[in-house]
Amino acid sequence: MSSSQIALLGALAGFTIFLGLPVGRLRRPAPRLKAALNGVAIGVLVFLVWDILAHAWEPTDTALADHKWGAAATGGMVLAIGLAVGMAGLVYYDKAMAARRVRAQQVTTPAAVLVGAPGAPAEPVTEPAVTPAPGRSPAAHLALMIAVGIGLHNFAEGLAIGNSAAGGELSLAVLLVIGFALHNATEGFGIVAPLAGDPERPSWGRLVLLGLIGGGPTFVGTLIGQSVVNDTLAIAFLGLAAGSVLYVVIELLAVARRTGLKELTTWCILGGLTLGFLTDGILVAAGA
């Protein structure tokens, strides 16, 4: 598979983020549709976490079998650090976004100033409220910040795709593309969630911009990852990707729980998990 083909796959993995963005213009998104996509994403990503960690641990496992203790310790430590950064980084990002969301949702009442002559009844004068400029509402600002955060960890996903392909792990690279593509499709919902039902309806141009910010780094990361082939870096990229995906799975499970559609979610998770194994089997049988 050529470098241009891998780059094209990386672009595809990032492009699917646009699939969920039009929901930002809907007033009442279909709950069952969102729950179904969420469930399928969980199933595929659970498989993907297992597959990524299996490939990431393989060099360390081989080093242990060959009694190469230094290489084994290095590989294990790099994997642990990658997992920690991938998960904890998003934890702290979400914590910062939660604090920002609380500040954005706080309603500030107009300040009343009492004026009047000495001894006369004070008359309250209310300062006029300032109308935010178009595209600068708290919801729009929050959506932009979410897109930036998603773009940062999608860059790491692109690195994992490019590095896996450059290292000859084409089947893993394709699986990463498929998994991240489905993952990014659900991320589109996360970006526009603050905009759903907002009085200021986002324009198509704004949605495209949010999609480029959130999904574009996957393509950039794929290009960069192809130029760097190193076992230690590969383990780091895979660990970072596994941590990010695992965190997203936890978040998607919380979303699934809030929908209350347990039966639909369960079958869709099983379907997504089956899809992951079927895809892997087809790739292995094809010699990818």
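Residues numbered from 1 in each chain as written. Predicted model: local features only at pLDDT ≥ 70, side-chain atom pairs only at ≥ 80, totals over all residues. Heavy atoms only, no water.

**Quick look at the side chain of threonine 222**
- Within the secondary structure layout, threonine 222 lies in helix H6 (residues 204-226).
- Looking at threonine 222, its side chain comes within polar contact range of the main-chain oxygen of threonine 218, at 2.8 Å.
- When near neighbours in sequence (up to four residues on either side) are disregarded, threonine 222 contacts Ile6, Ala7, Gly10, Gly158, Leu159, Ile161 and Gly162. (Helix = DSSP H or I, 4+ residues; strand = E, 2+ residues; numbered from the N terminus. Polar contact = N/O pair within 3.5 Å; in protein donor to acceptor, adjacent residues only side chain to side chain. Contact = heavy atoms within 4.5 Å.)

**Quick look at the environment of phenylalanine 180**
- Note on placement: phenylalanine 180 falls in helix H5 (residues 170-192).
- What makes phenylalanine 180 buried here is its relative accessible area of 0%.
- Residues phenylalanine 180 and glycine 10, spaced 170 residues apart in sequence, show a C-alpha to C-alpha distance of 9.2 Å.
- Filtering out sequence-adjacent residues up to four positions away, phenylalanine 180 remains in contact with Ala13, Thr16, Leu48, Glu157, Ile161, Ala241 and Val245. (Buried < 20%, exposed > 50% of the residue type's maximum accessible area, 1.4 Å probe, protein only.)

**Observations concerning the environment of leucine 264**
- The residue leucine 264 is located in helix H8 (residues 262-285) in this model.
- Every residue in contact with leucine 264, bar those within four places of it in the chain, is listed here: Arg32, Ala35 and Ala36.

**Regarding the packing of helix H2 (residues 31-65) against helix H7 (residues 231-259)**
- At a minimum axis distance of 9 Å, the contact between H2 and H7 shows a crossing angle of 155 degrees. Between H2 and H7, the interaxial angle falls into the category roughly antiparallel. Of the two possible hands of crossing, H2 and H7 adopt the one that is left-handed.
- Looking at the contact of H2 with H7 residue by residue, the class counts come to 23 nonpolar, three polar and no charged. (Axes fitted to C-alpha atoms, helices over the stretch in contact; angles between N-to-C directions. Parallel < 35°, antiparallel > 145°, perpendicular 65-115°, else oblique. Left-handed = near helix turned anticlockwise from the far one by under 90°. Nonpolar A, V, L, I, M, F, W, Y, C, P; charged D, E, K, R; others polar.)

**Considering the UniProt feature "transmembrane region" (unreviewed entry) in the chain**
- With numbering aligned to this structure, UniProt lists the feature "transmembrane region" (unreviewed entry) at residues 6-23, 35-57, 69-93, 142-161, 173-195, 207-229, 235-255 and 267-286.
- For residues 35-57, the helix share is 100%, the strand share is 0%, and the end-to-end C-alpha distance is 33 Å.
- Helix makes up 100% of residues 235-255 and strand 0%, whereas the separation of the span's terminal C-alpha atoms amounts to 30 Å. (UniProt positions renumbered as here; feature names shortened; annotations may be inferred.)

**Looking at the nonpolar core**
- In terms of nonpolar packing, the biggest core is built from 27 residues, with Leu45, Leu48, Ile52, Leu176, Phe180 and Val245 touching the most fellow members.
- Looking at this core element by element, the count peaks at 10 residues for H7.
- Counting 14 residues, the second largest nonpolar core, distinct from the first, contains Val23, Ala143, Ile150 and Val192. (Core = buried A, V, L, I, M, F, W, Y, C linked by side-chain atoms within 4.5 Å.)

**Thoughts on the confidence of the model for the chain**
- Averaged over all residues, the pLDDT of the chain equals 76, while 77% of them reach at least 70.
- Mean pLDDT across the elements of the chain ranges from a minimum in strand E1 (residues 112-115), with 47, to a maximum in H6, with 88.
- Confidence drops under a pLDDT of 50 for residues 108-115, and excluding neighbours within four residues, the segment shows 17 contacts in the predicted structure. (pLDDT = per-residue confidence, 0-100.)

**Regarding unusual backbone geometry**
- In this structure, histidine 67 takes a positive phi of about 60 degrees despite not being glycine.
- Within the secondary structure, histidine 67 sits in the loop between H2 and helix H3 (69-105).

**Concerning helix H1 (residues 3-15)**
- Across its 13 residues, H1 extends 18 Å between first and last C-alpha, which sits within 8% of the 18 Å expected from 1.5 Å per residue.
- Those residues of H1 not exposed but buried are Ile6, Ala7, Gly10, Ala13 and Gly14. End-on, the buried residues of H1 take up no more than an arc of 115 degrees, which puts them together on one face. Opposite the buried face of H1, at more than 90 degrees from it, the exposed residues are Ser4 and Leu8. (Expected span 1.5 Å × (residues − 1). Arc of directions from axis to C-beta.)

**With respect to H7**
- With 29 residues, H7 should cover 42 Å at 1.5 Å per step; its first-to-last C-alpha distance of 42 Å lies within 8% of that length.
- Positive backbone phi, at 75 degrees, marks glycine 260, one or two positions downstream of H7.

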